[in-house]
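Descriptive analysis of the structure
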Amino acid sequence: MSAHTIRVTVNGAAHERSIEPRLLLADFLRGTLGLTGTHVGCEHGVCGACTVLVDGDSMRSCLLFAVQLDGCSIETVESLGTLNDLNPLQQAFREHHALQCGFCTPGMLMTATDLLRKYPLATDEQIREGLSGNLCRCTGYEHIVAAVRAARDAR
Amino acid sequence: MKPPPFEYRVPDSVEAAVAMLAEGGGEAKVLAGGQSLVPMLNFRLLRPAILVDINRIPGLSYIRDDGDVIRVGALTRHYQLETSPVIFEHLPVLSAAMAHVAHLAIRNRGTIGGSLSHADPAAELPMMALLLDAMLGIASPQGRRSVAARDFFLGALSVGLEPDELVTEMAFPKLPPSIGWGFEEVSRRHGDFALAAVAATLTVRDGTIAEARIAIAGADDRAVRATEAEALLAGRALDQASLDAACEAARACVSPNTDLHASSDYRRHLVEVLTAKALDAAWRRAREAA
């Protein structure tokens with residue numbers, strides 16, 4: 001199958017690559033660009049671990065082909081903060097022990113970033129509904145909800 | 001868990017898209033939001049030779065107030081429908097239903113044309129198309145046609161669409177402000193496919209029901225209208241007797257599957273309970289509007 005050339009902006013940096021059409025965005029980010037912060041869990045849109053922002057909207061990067069995103073701007077977990085300079089949402093996750101193994105965390109953070117922009121998240125029920133598309137097998141979710149609640153209050 | 005190879009085509013118009021589909025002769029699939037198609041590709045349940053990506057066709061994403069109807073372009077994302085002030089004003093039951101569609105990341109990408117064409121029996125949009133007597137606009141190399149939602153859904157993942165046809169629009173007759181509505185759904189987690197969902201509208205005049213509409217998802221091989229229940233309610237007030245009769249008729253009109261998530265009996269039970277809740281809410285709203 002013929003290669004296609006795409007130009008994308010990822011976390012503010014421009015990239016041009018020649019890729020096969022079937023390359024998933026998740027694999028483009030991890031394998032082609034080496035941005036391994038985005039995690040790949042189920043590869044069929046159920047677990048939410050690979051969630052990234054495409055032109056500002058959260059999307060599953062395992063359900064998009066990189067070839068579709070020519071001209072788009074993508075934000076991954078690497079865009080949020082650094083080890084020594086966490087962003088407020090990451091700081092809330094840290095303070096509320098919202099992660100254990102950390103596998104789901106990039107998807108949780110990117111999902112919560114979009115939720116906090118779009119919804120009031122006035123109640124815990126609304127926070128839980130918002131996070132319901134992201135699976136976590138360690139925390140039991142309580143601390144993730146607490147972290148998002150804190151980020152909401154600080155918004 | 002990686003999709004098989006395919007040839008990637010990007011049409012810039014509806015005409016070019018359907019020409020590519022025709023050229024593909026059944027080997028081409030439409031890629032819209034991809035929220036159902038890409039998982040099937042990743043599982044290799046499908047191996048289309050060609051994917052026709054319609055996302056770059058201009059003018060296919062809109063929500064338009066057009067007199068008596070609201071027109072929604074096929075590339076409109078679920079999130080846009082969920083949050084549209086036009087939909088909230090003229091089709092509030094649709095706004096309510098859209099909040100139940102999957103999760104934000106899916107609603108941001110999934111399209112209404114894709115949901116209709118995929119026709120999952122438990123999806124909300126096909127059921128709302130039936131409830132609201134929507135008309136679907138369809139394009140093919142031969143031209144354009146229009147089909148009623150009730151004639152479009154044929155069975156599980158099966159619709160009246162030729163391989164070279166593309167859904168371009170859905171048109172909903174506006175609901176008058178006086179109409180009452182209800183939407184009820186039960187799923188294991190918020191955003192999962194419905195174990196069962198029921199939506200209803202009631203037109204009430206002089207204290208009796210002039211027209212009832214009831215649509216059910218998740219409880220048969222496709223979304224269905226509970227036509228017997230609707231007929232039972234016509235000309236009556238919503239009291240315990242008419243409500244019981246309608247719920248029993250709704251329960252009787254579906255043939256749910258047993259699967260990992262719920263038994264057939266449980267789904268029937270849900271249909272009965274959710275029909276009562278949806279009708280109650282619709283009746284209350286209609287009385288408040290009167």
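Residues numbered from 1 in each chain as written. Chains lettered and ligands numbered in written order. Predicted model: local features only at pLDDT ≥ 70, side-chain atom pairs only at ≥ 80, totals over all residues.

Quick look at the pairing of strand β7 (residues 143-148) of chain B
Within a regular beta strand, the side chains point alternately toward one face of the sheet and then the other, so they alternate between its two faces. All names here are of chain B. Using the following cut-off: Buried, partly exposed and exposed are defined by the number of other C-beta atoms within 10 Å of a residue's own C-beta, namely 20 or more, between the two limits, and 12 or fewer respectively, with C-beta atoms placed from the backbone. Secondary structure elements are taken from DSSP: a helix is a run of H or I of four residues or more, a strand is a run of E of two residues or more, and numbering for both begins at the N terminus. Only when DSSP finds a minimum of two bridges between them are two strands counted as paired.
Of all six residues in β7, zero are buried, a share of ten percent or less. One ladder, built from six bridges, connects strand β6 (residues 135-140) with β7; its direction is antiparallel. In the sheet register, S140 faces β7, and the bridge partner there is G143. If you look at the hairpin formed by β6 and β7, you'll find two residues sitting between the two strands.

Let's talk about the environment of G113(B)
Residue and element names in this part refer to chain B. Just so we agree on the cut-off: Contact between residues is assigned whenever the C-beta positions, reconstructed from backbone atoms, fall within 7 Å.
Relative to the assigned elements, G113 resides in helix α7 (residues 112-118). Measuring from C-alpha to C-alpha, the distance between G113 and V167 comes to 5.7 Å, with 54 residues separating the pair along the chain. Those residues in contact with G113, other than ones at most four positions away along the chain, are A32, A74, L75 and V167.

Brief notes about the sheet that holds strand β5 (residues 73-75) of chain A
Residues and elements named next belong to chain A. Applied cut-off: Think of each axis as a best-fit line through the C-alpha atoms, taken over the contacting stretch in the case of a helix, with angles from 0 to 180 degrees between the N-to-C directions.
The five strands are arranged β2-β1-β5-β3-β4 in an open sheet whose pairing can be described as mixed. Unpaired on one side and paired on the other, β2 (13-19) and β4 (57-60) mark the two borders of the sheet. With direction set aside, neighbouring strand axes in the sheet form an average angle of 40°. Lying on the sheet, helix α3 (residues 105-118) is in contact with β3 (51-54) and β4; it crosses β3 at an angle near 40°.

Side note on the interface of chain B and chain A
What counts is decided by this rule: Three categories are distinguished: nonpolar for Ala, Val, Leu, Ile, Met, Phe, Trp, Tyr, Cys and Pro, charged for Asp, Glu, Lys and Arg, and polar for the others, with Gly belonging to the last.
Facing the 25 residues of chain B at the interface are 24 residues of chain A. Taken together, the residues of the side of chain B that touches chain A break down into 13 nonpolar, eight polar and four charged.

Quick word on helix α1 (residues 14-24) of chain B
Residue and element names in this part refer to chain B. Note the threshold: Arc, as used here, means the arc of the directions from the helix axis to the C-beta atoms.
All of the buried residues in α1 are A17, V18, M20 and L21. What you see down the axis of α1 is that its buried residues fit within an arc of 155°, all on one side. Where the residues of α1 are buried, they touch β1 (7-9), β2 (28-31), β3 (50-53), β6 and β10 (166-173). Backbone geometry just downstream of α1 places G25 in the positive-phi region, at approximately 50°.

Quick look at unusual backbone geometry
Residue and element names in this part refer to chain A. One non-glycine residue, N11, adopts positive backbone phi at about 50°. Relative to the helices and strands, N11 is located in the loop between β1 (4-10) and β2. On the basis of neighbour counts, which here come to 19 C-beta atoms within 10 Å, the residue N11 falls in the partly exposed class. One non-glycine residue, L121, lies in the positive phi region at around 50°. Take L121: it is sitting in the loop between α3 and α4 (124-131).

Some thoughts on the sheet that holds β2(B)
Residue and element names in this part refer to chain B. With parallel pairing, three strands are arranged side by side in an open sheet as β1-β3-β2. Edge positions in the sheet fall to β1 and β2, since each of these pairs with one other strand and no more. Taking each pair of neighbouring strands and ignoring which way they run, the sheet shows an average axis angle of 25°.

Re the packing of helix α2 (residues 88-95) of chain A against α3(A)
Relative placement of two packed helices is described by the angle separating their axes and the distance separating the axes. Residues and elements named next belong to chain A. This is how the line gets drawn: In what follows, roughly perpendicular refers to angles from 65 to 115 degrees, roughly parallel to angles under 35, roughly antiparallel to angles over 145, and oblique to any angle outside these ranges. For any pair of crossing helices, the crossing counts as left-handed if the nearer helix is rotated counterclockwise from the farther one by less than a right angle, and right-handed if it is rotated clockwise.
Packing of α2 against α3 leaves a shortest axis separation of 10 Å and a crossing angle of 130°. Considering the angle they form, α2 stands oblique to α3. Here the hand of the crossing between α2 and α3 comes out right-handed. Of α3, the residues touching α2 (which contributes L89, Q90 and F93) are T105, L109, A112 and T113. Split by residue class, the contact of α2 with α3 holds four nonpolar, three polar and no charged.

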